[in-house]
Amino acid sequence: MRNARSLTTADDEHDPEGSTVSLDQARDSALLAQAERSFSELSAARQRLAEGTYGRCERCGRDIPTARLIARPEARHCVSCSR
Ligand SMILES: [Zn+2]
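Being a predicted model, the structure only gives us computed values, none of them experimental.

## A few points about the overall build of the chain
Here is step 1 of the chain: Check the secondary structure of the chain and you find four helices and zero strands.
Here is step 2 of the chain: Within the chain, residue pairs in contact and separated by at least 24 positions form 19% of the contacts whose partners lie at least 6 positions apart.
Here is step 3 of the chain: For the chain, the accessible surface area stands at approximately 6,500 Å², while carbon and sulfur atoms represent 53% of it.

Given below as structure tokens:
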């Protein structure tokens with residue numbers, strides 16, 4: 001990205017049809033941050049699995065329903081506690 005910006009021909013800041021380099025960079029940064037969060041949350045879930053606490057709500061201690069775990073494998077809390 002930084003290399004593309006240094007090449008003057010790759011600068012599309014003034015192209016009314018295209019997205020800007022800054023916008024692309026912001027989107028890429030947001031996607032990277034999201035991927036890092038997901039990786040971190042899934043790593044934590046894997047740790048809970050190894051410890052035998054996976055699927056147990058960290059707040060109330062009750063089992064997290066299977067449907068919720070299928071939808072959000074990284075879930076730390078049951079639906080009630082996540083509100
Ligand atoms: Zn709970």
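## Let's talk about the coordination of the zinc ion
Ideal geometry at a metal centre gives angles of 109.5 degrees when four donors are arranged tetrahedrally and 90 or 180 degrees when six donors are arranged octahedrally.
Here is step 1 of the chain: Looking at the zinc ion, the protein donor atoms are Cys-57 (SG), Cys-60 (SG), Cys-78 (SG) and Cys-81 (SG), and they sit 2.3 Å from it.
Here is step 2 of the chain: Metal-centred angles of 103 to 119 degrees between the four donor atoms at the zinc ion mark the site as tetrahedral.
Here is step 3 of the chain: One chain supplies every donor for the zinc ion, spaced along it as C-x2-C-x17-C-x2-C. Of this pair, Cys-60 sits in the loop between α2 (21-51) and α3 (66-71) while Cys-78 sits in the loop between α3 and α4 (79-82), and the two are 18 residues apart along the sequence.

## Quick word on the environment of Thr-53
Here is step 1 of the chain: Tracing the backbone shows Thr-53 in the loop between α2 and α3.
Here is step 2 of the chain: Judged by its relative accessible area of 26%, Thr-53 falls in the partly exposed class.
Here is step 3 of the chain: As a C-alpha pair, Thr-53 and Arg-76 span 23 residues in sequence and 9.8 Å in three-dimensional space.

## A closer look at the pattern of salt bridges
Here is step 1 of the chain: Per the stated rule, a full pass over the model turns up five salt bridges.
Here is step 2 of the chain: For Arg-27, the salt bridge is made with Asp-28, and the minimal N-O distance between the two is 2.9 Å.
Here is step 3 of the chain: Arg-27 gets classed as partly exposed once you look at its relative accessible area, which sits at 45%.
Here is step 4 of the chain: Overall, the relative accessible area of 30% leaves Asp-28 in the partly exposed class.

## Describing α2
Here is step 1 of the chain: Across its 31 residues, α2 extends 45 Å between first and last C-alpha, which sits within 8% of the 45 Å expected from 1.5 Å per residue.
Here is step 2 of the chain: Of the residues making up α2, those classed as buried are Val-21, Asp-24, Ala-44, Ala-45 and Arg-48.

What counts and how
- Residues numbered from 1 in each chain as written.
- Predicted model: local features only at pLDDT ≥ 70, side-chain atom pairs only at ≥ 80, totals over all residues.
- Heavy atoms only, no water.
- Helix = DSSP H or I, 4+ residues; strand = E, 2+ residues; numbered from the N terminus.
- Contact = heavy atoms within 4.5 Å.
- Areas by Shrake-Rupley, 256 points an atom, 1.4 Å probe, with all protein chains shown as cover.
- Donors = N, O, S within 2.8 Å, 3.2 Å for Na, K, Ca; no water.
- Tetrahedral: all angles 85-135°; square planar, octahedral: opposite > 155°, others 65-115°.
- Buried < 20%, exposed > 50% of the residue type's maximum accessible area, 1.4 Å probe, protein only.
- Salt bridge = Lys/Arg side-chain N within 4 Å of Asp/Glu carboxyl O.
- Expected span 1.5 Å × (residues − 1).

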